[in-house]
Amino acid sequence: MTDEAPLSDPDQPTPEPAAAFLAESVREIERHVSRGGWDGPVRVFALVGTQAALEAEPGLAAQLAPEVVAAARADAAHLTSVEQEGLPQVESLEELLGVLTWPDTVDGAAIVVERVVLPTAAEDAMPPDPGEALAYLMGHPDRQDVRIAVGVLRSGPAWSVLRTRAHDDDAAVAGGPDLVPGLTEALRATFL
């Protein structure tokens, strides 16, 4: 399944422009991160309205591709992602999401994480000891490495994409509005 299917499904309503730009931004962010290979850190991006950013900072136009500037001038829902550097040193993803906050000038946020997943039966057999569980997880023959990118807008829309290491190809990236509901809600909570 490609990430285009949910946007072109005739049984699905046409997404609002903001949701369509969010979906494209999340796909672009994941492709950008994928160029760095696997086993990367958590990465966080602010999503800002490109048109508003150009009005606030006219010099930004020289840093963006001409087609991006033209698209932004044509539609106020166009988004630009800005990677956040210097993230706080925390013990867990949950703790990181708990300390993130955004100024009113940020329209949305995206996060990219890598996880190892197992079939349900294999998860049920995982040892309770954290050290033993990690060894079990890393050595299990059915484990799947996945990269998850989730984006949300302050106004409500969400989009996620998933890439597996076993099928590491842009055409094999799955996408949809509710693929990772727990992470989506945790990211959305950074705007409360």
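Residues numbered from 1 in each chain as written. Predicted model: local features only at pLDDT ≥ 70, side-chain atom pairs only at ≥ 80, totals over all residues. Heavy atoms only, no water.

Turning our eyes to something else, we now look at the side chain of S160. Tracing the backbone through its elements, the reader meets S160 in strand β5 (residues 158–164). With a relative accessible area of 0%, S160 lands in the buried category. Beyond its immediate chain neighbours, meaning those up to four positions away, S160 contacts V26, A149, V150, A174, G175, G176, L179, V180 and T184. (Helix = DSSP H or I, 4+ residues; strand = E, 2+ residues; numbered from the N terminus. Buried < 20%, exposed > 50% of the residue type's maximum accessible area, 1.4 Å probe, protein only. Contact = heavy atoms within 4.5 Å.)

Here the focus is the pairing of strand β1 (residues 43–49). In terms of burial, β1 is a largely internal element, seven of the seven residues being buried. With burial as the criterion, each face of β1 is covered, one bearing R43, F45, L47 and G49 and the other bearing V44, A46 and V48. The pairing of β1 with strand β3 (residues 108–117) spans five bridges and is classified as antiparallel. Bridge pairing in β3 links A46 to A109. Relative to strand β2 (residues 79–83), β1 runs antiparallel, the two sharing five bridges. When the bridges of β2 are listed, G49 appears paired with L79. (Pairing = 2+ DSSP bridges.)

Glancing now at unusual backbone geometry. In the Ramachandran plot, D39 falls in the positive-phi region, its phi being about 65 degrees despite a non-glycine side chain. Here D39 lies in the loop between α2 (17–34) and β1. What makes D39 exposed here is its relative accessible area of 61%.

What follows concerns the nonpolar core. By size, the foremost hydrophobic cluster in this structure holds 27 residues, and its most contacted members are W102, I111 and L183. If you list the elements that add at least two residues to this core, you get β1, α3 (50–56), α4 (66–74), α5 (93–99), β3, β4 (144–153) and α8 (181–188). Take this core: its biggest share by element is four residues, from β4. With near-sequence residues (within four places) excluded, I111 lies in contact with V42, R43, V44, L93, L97, I148, A149, V150, L183 and L187. (Core = buried A, V, L, I, M, F, W, Y, C linked by side-chain atoms within 4.5 Å.)

Of all residues in the chain, 92% have pLDDT values of 70 or greater, and the mean over the chain is 89. Here helix α1 (residues 5–8) is the element of the chain with the lowest mean pLDDT, 37, and β1 is the one with the highest, 98. The low-confidence segment residues 1–14, where pLDDT is below 50, has 23 contacts with residues more than four positions distant or belonging to other chains. (pLDDT = per-residue confidence, 0-100.)

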